[in-house]
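# Structural characterization, general
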Amino acid sequence: MAARMLWASRAAGYLRISVPHRGFATVLKDLKYCDSHEWAKVEGSSATVGITDHAQDHLGDVVYVELPEVGASVTQGEGFGAVESVKATSDINSPVSGKVVEVNEELSNSPGLINSSPYEQGWIIKVDISDAGQLNNLMDADKYSKFCEEEDAKH
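Source: prediction; values computed, not measured. (Residues numbered from 1 in each chain as written. Predicted model: local features only at pLDDT ≥ 70, side-chain atom pairs only at ≥ 80, totals over all residues. Heavy atoms only, no water.)

### A few points about the packing of aromatic side chains
Counted only if it meets this: A pair of Phe, Tyr and Trp rings is counted when the ring centres sit within 6.5 Å of each other, with Trp represented by its six-membered ring. The angle between the planes then sorts it: under 30 degrees is stacked, over 60 is edge-to-face, the rest tilted. By the criteria applied, helices consist of DSSP H or I runs no shorter than four residues and strands consist of E runs no shorter than two, each listed in order from the N terminus. Per-residue accessibility, obtained with a 1.4 Å probe over protein chains only, is compared with the maximum for each type, and a residue is labelled buried under 20%, exposed over 50%, and partly exposed between these values. We call a charge positioned above a ring when the Lys NZ or Arg CZ atom is no farther than 6 Å from the ring centre and deviates by at most 35 degrees from the ring normal.
In the structure shown here, the tally under the stated rule is three aromatic pairs. When the ring of Y33 is compared with that of Y144, the centres are 4.5 Å apart and the planes differ by 10°; the resulting orientation is stacked. Residue Y33 is located in strand 1 (residues 32-33), and its partner Y144 is located in helix 5 (residues 141-154); the two are separated by 111 residues in the primary sequence. The class for Y144 is buried, based on a relative accessible area of 1%. Taken together, the ring pairs connect Y33, Y144 and F147 into an aromatic cluster. Positioned over the ring face of W123 is K126, at 4.9 Å from the centre of the ring.

Right, here's the structure in full:
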């Protein structure tokens, strides 16, 4: 009887597993990244902006996105909107300074696009960049991947 209890105790211990985050967020090579987990795809003097796969994974299911108005000014490192998920609400910071020239209106009806397609259909705004030199303040894909690994190791 004691042997069965010991076995059951060990089995229960093995079954108490926690499910961590996926641990393998997609990072695209041609994007620039902020330490607040936003990305920028630069094309000429404009940038498409969104939140990273790593960020959406940590947020969970996105249920609402607060979008800025077209024509609004954004400043690198400062908030321009928010993403609300089942877990939390997070500010969205701009990776570049400039003027908002387009917002992804599709997110109003389908905020989950940020979860299912953070780098394509889930983009948030397009910005006319006012200072291209600010791009040097952003991380490339390799630096961002390393940053995420170090950040996750702290938690």
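Text resumes after the structure shown.
### Brief notes about the nonpolar core
Short version of the rule: For our purposes a nonpolar core is just a set of buried Ala, Val, Leu, Ile, Met, Phe, Trp, Tyr and Cys residues, chained together by side-chain atoms within 4.5 Å. By definition, residues are in contact when any of their heavy atoms lie within 4.5 Å.
Ranked by size, the top nonpolar core spans 26 residues in total, and within it I51, I114, I124 and I125 carry the most contacts. Every element with two or more residues in this core is listed here: strand 3 (46-51), helix 2 (53-59), strand 4 (62-66), strand 6 (79-85), strand 8 (98-103), helix 4 (113-116) and strand 9 (125-129). Setting aside residues no more than four positions away along its own chain, I124 makes contact with V49, G50, I51, L67, F80, I92, E102, V103, N104, L107 and I114. Grouped together as the second largest cluster of nonpolar side chains are nine residues, W123, M139, Y144 and C148 included.

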